[in-house]
Amino acid sequence: MKLKKIFLLSAFTLSCLAVYADGDDDLRDRFNPVMTAVTSQSIAPDARSAGMGDVGAATDPDVNSQAWNPAKYPFTISRAGLSLNYTPWLRQLTDGIALLNAAGYVRLGDYQAVSASIRYFTLGDVMVQGDESMTVKPYEMSFDVAYSRMLSENFSAAVALRYMYSDLSGHYDDNVKAGSAFAADIAAYWNKYIMLGNRESQLAIGLNISNIGSKINYGGDYSYFIPTNLRLGASLMVPINDYNRISIAADVNKLLVPARPLQKADETNEDYEERIREEYYDMSSFKGIAKSFSGNQLELLQFSAGLEYTYNDKFSLRGGYHHESESQGGRKYFTVGAGFRMSVMSIDAGYVIATSSNNPLDQTLRVSLAFDFDGIRELFGRRRR
């Protein structure tokens, strides 16, 4: 029972369910958000995508593509890169929650690349009341590697493998154990230059099915779904002149996880517990993917749209919007961001402006620092000369 409470509390916190259904009977009846374990996997790690409303499936390839679509890496201009990302999370609710992420890649020749990332999510210090009060430090982490390859001049594909570790109890109870899971991603990316009037523009489409894998168990009777996810996106880059360009991007996002069955009005608690065990907790992850397509699909989708203006490949301004239905939590917010790029490094920042004052995501700030290894090599080459 303690484990179940810990999981539900953590899932609630990480999912940022900002909708309050008090006084709205219709919303209360429909409010059944899809909940998963290891929900830190669903948090946008980098400032560039976060500043554009959390889009990334088809945006211009960069060092942080691992989290959005690793198939983009063979199309990067630089042959290698590394990024460090930091997000103080839910600061409207409490201090100490944060996401740290690092990602990097190396192109192998002209047609393929290998990439990797690691993320660490801490829930800060949590006071546990029991026979003895104590402070624990729940956290989640993951590590993944990916291989991507160009299959034609305009198309590439990638596969990624991921290990996830989740310790929600801080080892304060012998009956509550840390959980782990393995998963894989399958991704594809297509781009092509097209003429819009007299401007040579770039159209791109991206797809990423992430976290296809095992369920996770914390030592109890139940196993929980990990956030298997389908992301489909498109982008269009239009140059204004030799120094200025604008990019527009949009993503549609869907969790490939079924919602927990709701308790029927004439159903006892014992009958309900037995039914959700059979219809939900005992369901395999692959059967859960198929089950996730039942119900009102439009309400299960999340929509993101973003705009990026870039001057001389040095300075960028960004904006975006993210939308989620009321029945899934109602996370609706605008985002803004900016970035500055030099030959050896780039700095980006993203900021969330929620549409509702009670949204705990409001005023979330992300910061990213990235290094271009081609630029570093060129800089040290000039110094040696």
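Fair warning: this is a prediction, and the values are worked out from it, not measured in the lab.

J.: How would you explain the overall build of the chain if you had to name every residue and give the values?
T.: Secondary structure summary: the chain contains six helices and 18 strands in total. Buried residues in the chain amount to 50% of all 385 residues. Across the chain, contacts joining residues at least 24 apart in sequence account for 59% of those joining residues at least 6 apart. Summed over its atoms, the accessible surface of the chain is roughly 18,700 Å², and 58% of this surface lies on carbon and sulfur atoms.

J.: Lay out the layout of surface pockets in plain terms, naming residues and giving numbers.
T.: Its volume calculated, the largest pocket comes out at about 1,200 Å³. Per-element tally for the lining of the largest pocket: the top contributor is strand β18 (residues 365-372), with five residues. The residue inventory of the lining of the largest pocket, partitioned by class, reads 22 nonpolar, 14 polar and 13 charged.

J.: Requested: an account of empty space enclosed by the protein, with residues and values cited.
T.: Picture a little ball the size of a water molecule; that probe, rolled over the atoms, points out where space is still empty. Applying the stated rule across the entire model yields four cavities of 30 Å³ or more. Approximately 850 Å³ is the volume found for the largest cavity. Elements represented by at least two residues in the lining of the largest cavity include exactly α1 (2-15), β2 (98-108), β3 (112-122), β9 (199-213), β12 (229-239), β13 (244-255), β14 (301-311) and β15 (315-324). By residue class, the composition of the lining of the largest cavity is 20 nonpolar, 19 polar and eleven charged.

J.: So, the pairing of β2: which residues are in play, and what are the values?
T.: Summarising the sheet, strand β1 (residues 80-88) and β2 pair through nine bridges and their orientation is antiparallel. In the sheet register, S83 faces β2, and the bridge partner there is A103. Where β2 meets β3, eleven bridges bridge the pair, whose relative direction is antiparallel. The partner of A103 across the bridge, within β3, is S117.

J.: Could you give an account of the nonpolar core, with specific residues and numbers?
T.: V38, W89, F121, I216, Y218, Y224 and I226 are the most contacted members of the largest nonpolar core, which totals 32 residues. Those elements giving two or more residues to this core turn out to be β8 (179-196), α4 (269-281) and β17 (345-354). The element contributing the most residues to this core is α4, with four residues. A71, F75, M150 and Y189 belong to the second largest nonpolar core, which has eight residues in total.

J.: Which residues make up the confidence of the model for the chain, and what are the values?
T.: Atom-level detail of predicted coordinates should not be read off regions where pLDDT is low. Across the chain, the average pLDDT comes to 87, with 87% of residues at or above 70. Looking across the chain, the model is least confident in α1, with a mean pLDDT of 46, and most confident in β12, with 97.

J.: Tell me about the packing of aromatic side chains, and please be specific about residues and values.
T.: Following the criterion strictly, the structure yields twelve aromatic pairs and no others. These aromatic residues form a ring-pair network of at least three members: Y218, Y222, Y224, F225, Y280 and Y281. Over the ring of F293 we find K254; its NZ or CZ atom is 5.0 Å from the centre of that ring.

J.: Go over the pattern of salt bridges with me, naming the residues and quoting the values.
T.: Scanning the model with the defined rule gives 15 salt bridges in all. Note that K332 and E326 form a salt bridge whose closest N and O atoms lie 2.7 Å from each other. Take K332: its relative accessible area is 18%, and that puts it in the buried class. The exposure class of E326 is partly exposed, given its relative accessible area of 30%. In this structure, the salt-bridge partner of D374 is R377, at a minimum N-O distance of 3.0 Å. One end of the pair, D374, and the other, R377, are both in helix α6 (residues 373-384), three residues apart, so they sit about a helical turn from each other.

J.: Explain unusual backbone geometry to me, using residue names and the numbers behind them.
T.: What is expected of a backbone is that most residues other than glycine have negative phi and most peptide bonds are trans. Despite not being glycine, V38 shows a phi value in the positive range, around 50°. Assignment of secondary structure puts V38 in the loop between α2 (25-30) and α3 (47-50). Notably, D54 is not glycine yet its phi reads approximately 70°, a positive angle. Mapped onto the secondary structure, D54 falls in the loop between α3 and β1.

What counts as what
- Residues numbered from 1 in each chain as written.
- Predicted model: local features only at pLDDT ≥ 70, side-chain atom pairs only at ≥ 80, totals over all residues.
- Heavy atoms only, no water.
- Helix = DSSP H or I, 4+ residues; strand = E, 2+ residues; numbered from the N terminus.
- Buried < 20%, exposed > 50% of the residue type's maximum accessible area, 1.4 Å probe, protein only.
- Contact = heavy atoms within 4.5 Å.
- Areas by Shrake-Rupley, 256 points an atom, 1.4 Å probe, with all protein chains shown as cover.
- 1 Å grid on protein atoms, 1.4 Å probe; cavity = no way out; pocket = protein on both sides within 12 Å on 5 of 7 lines; lining within 4 Å.
- Points joined across faces, edges and corners; volume = space filled by probe spheres on them.
- Nonpolar A, V, L, I, M, F, W, Y, C, P; charged D, E, K, R; others polar.
- Pairing = 2+ DSSP bridges.
- Core = buried A, V, L, I, M, F, W, Y, C linked by side-chain atoms within 4.5 Å.
- pLDDT = per-residue confidence, 0-100.
- Phe/Tyr/Trp six-rings, centres within 6.5 Å; stacked < 30°, edge-to-face > 60°.
- Lys NZ or Arg CZ within 6 Å of the ring centre and 35° of its normal.
- Salt bridge = Lys/Arg side-chain N within 4 Å of Asp/Glu carboxyl O.

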